[in-house]
Amino acid sequence: NLTVLRFLTEPPAAALAYGLDNGAEGTYMVYDLGGGTFDVSLLKLTRGVFEVLATGGNSALGGDDFDHRVLCHVTESFRGGNPKARFTVDGKPADTLPGHILSAAEKRRLMALSRAAKEALTKDESTCIHFAFDNGDEVELDLTREEFDAMTCHLVRKTIDTVEAVLRDASAGVSDVRGVVLVGGATRMPCVRTA
């Protein structure tokens, strides 16, 4: 049996997990960008006790949206909209992949490749997405971190807008925040860390 001492909401729990309760007094922000949701909380730590000053978030924004943006970028290239894309139709180089509509299985595979590309760009400056359709046609597309950052900057901006709203709600400024705790796999993306 476990004895429950107290319940914590997610932001203070994250702050505790990062060791902020060990004498680090002041105001801290918990920026939590998970797979499907985004949450931000402003916490004040005084003598080991957390006070939640303000919270905000977006239940329709997460790392999956970044994956989907890469998927859209690749599918847009099918129509020849990307000069960097390389196509193979019936085993021969081609300029476009006309008439391709993704099956459910192909879409799942392409989404997995899109997620892998996003993850590769956390450490590498570029990656190559190579996708084979069920009929044997292929597309190969190089994607740079700079291109990824440009195509997802509106998503990152949404998180920053929420951060700014939370600061306003708490009547606090950036200079009042002693540190930021980044939580969630999507916070590994350099564009998120920089923002």
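Before any of the text, the structure's been laid out above.
Owing to the predicted nature of the structure, the values given are computational and were not obtained by experimental measurement.

The rules behind each value
The residue numbers shown here count from 1 along each chain, following its written sequence. Where local features are concerned, this predicted model is filtered to residues with pLDDT of at least 70; where side-chain atom pairs are given and counted, the filter is 80 or more; whole-chain, interface and lining totals use all residues. The basis for the side-chain values is all heavy atoms of the structure; hydrogens and waters are excluded. The helix count covers DSSP runs of H or I at least four residues long, the strand count covers runs of E at least two residues long, and both are numbered beginning at the N terminus. A simple rule labels every residue: compare its accessible area, found with a 1.4 Å probe on the protein chains alone, to the largest value its type can have, and call it buried under 20%, exposed over 50%, or partly exposed in between. Only four residue types enter the charge count, namely Lys and Arg as positive and Asp and Glu as negative; His and the chain termini do not. The term salt bridge refers to a pairing of a side-chain nitrogen on Lys or Arg with a carboxyl oxygen on Asp or Glu at a separation within 4 Å. Every residue pair with non-hydrogen atoms within 4.5 Å of one another is taken to be in contact. By nonpolar core is meant a set of buried Ala, Val, Leu, Ile, Met, Phe, Trp, Tyr and Cys residues that side-chain atoms within 4.5 Å join together. Pairing between two strands is assigned when DSSP locates at least 2 bridges connecting them. Simply put, an axis is a line fit to the C-alpha atoms, just over the touching stretch for a helix, and the angle between two N-to-C directions goes from 0 to 180 degrees. When describing relative orientation, an angle under 35 degrees is termed roughly parallel and one over 145 degrees roughly antiparallel, while 65 to 115 degrees is termed roughly perpendicular and anything else oblique. In a left-handed crossing the near helix is turned counterclockwise from the far helix by less than a right angle, and in a right-handed crossing that turn is clockwise. Polar here means any residue other than Ala, Val, Leu, Ile, Met, Phe, Trp, Tyr, Cys and Pro, which are nonpolar, and Asp, Glu, Lys and Arg, which are charged; Gly is therefore polar.

A. Inspection of the side chain of Asp32 at higher detail. Summarising the element assignment, Asp32 is placed in strand E1 (residues 26-33). One buried charged side chain, Asp32, makes no salt bridge at all; its nearest oppositely charged neighbour is Arg188, positioned 11 Å away. Beyond its immediate chain neighbours, meaning those up to four positions away, Asp32 contacts Glu10, Thr37, Phe38, Asp39, Val183 and Gly184.

B. Structural context of the side chain of Ser114. Here Ser114 is to be found in helix H3 (residues 104-120). What Ser114 contacts, discounting residues up to four positions off in sequence, is Asp67, Val70 and Leu71.

C. Broad picture of the nonpolar core. Core analysis: the largest hydrophobic core is formed by 38 residues, its most contacted members being Met29, Leu33, Val74, Val139 and Met189. Taken together, the elements giving at least two residues each to this core come down to E1, strand E2 (38-46), helix H2 (63-77), H3, strand E6 (126-132), strand E7 (138-144), helix H4 (145-169) and helix H5 (190-194). Per-element accounting of this core gives the leading share, seven residues, to H4. The residues contacting Met189, other than those within four sequence positions of it, are Leu33, Phe66, Lys118, Thr122 and Phe148. In terms of nonpolar packing, the next biggest core, distinct from the first, is built from eleven residues, Ala24, Val30, Val181 and Val183 among them.

D. The arrangement of the sheet that holds E2 in detail. With respect to topology, four strands assemble into an open sheet ordered E3-E2-E1-E8, the strand pairing being mixed. Only two strands of the sheet have a single neighbouring strand rather than two, namely strand E3 (49-58) and strand E8 (177-183). The mean inter-strand angle of the sheet, taken between neighbouring strand axes irrespective of direction, is 20 degrees. Direction of pairing for E1 relative to E2: antiparallel, over a ladder of eight bridges. Paired with Met29 across the bridge in E2 is Leu42.

E. Representation of the packing of H2 against H4. Between H2 and H4, whose axes approach to 10 Å, the crossing angle comes to 140 degrees. For the element pair H2 / H4, the angle class is oblique. Classified by chirality, the crossing of H4 by H2 is right-handed. Residues Asp65, Phe66, Arg69, Val70 and His73 of H2 lie in contact with H4, whose contacting residues are Phe148, Met151, Thr152, His154, Leu155 and Val156. Per-class residue counts for the contact of H2 with H4 are six nonpolar, three polar and two charged.

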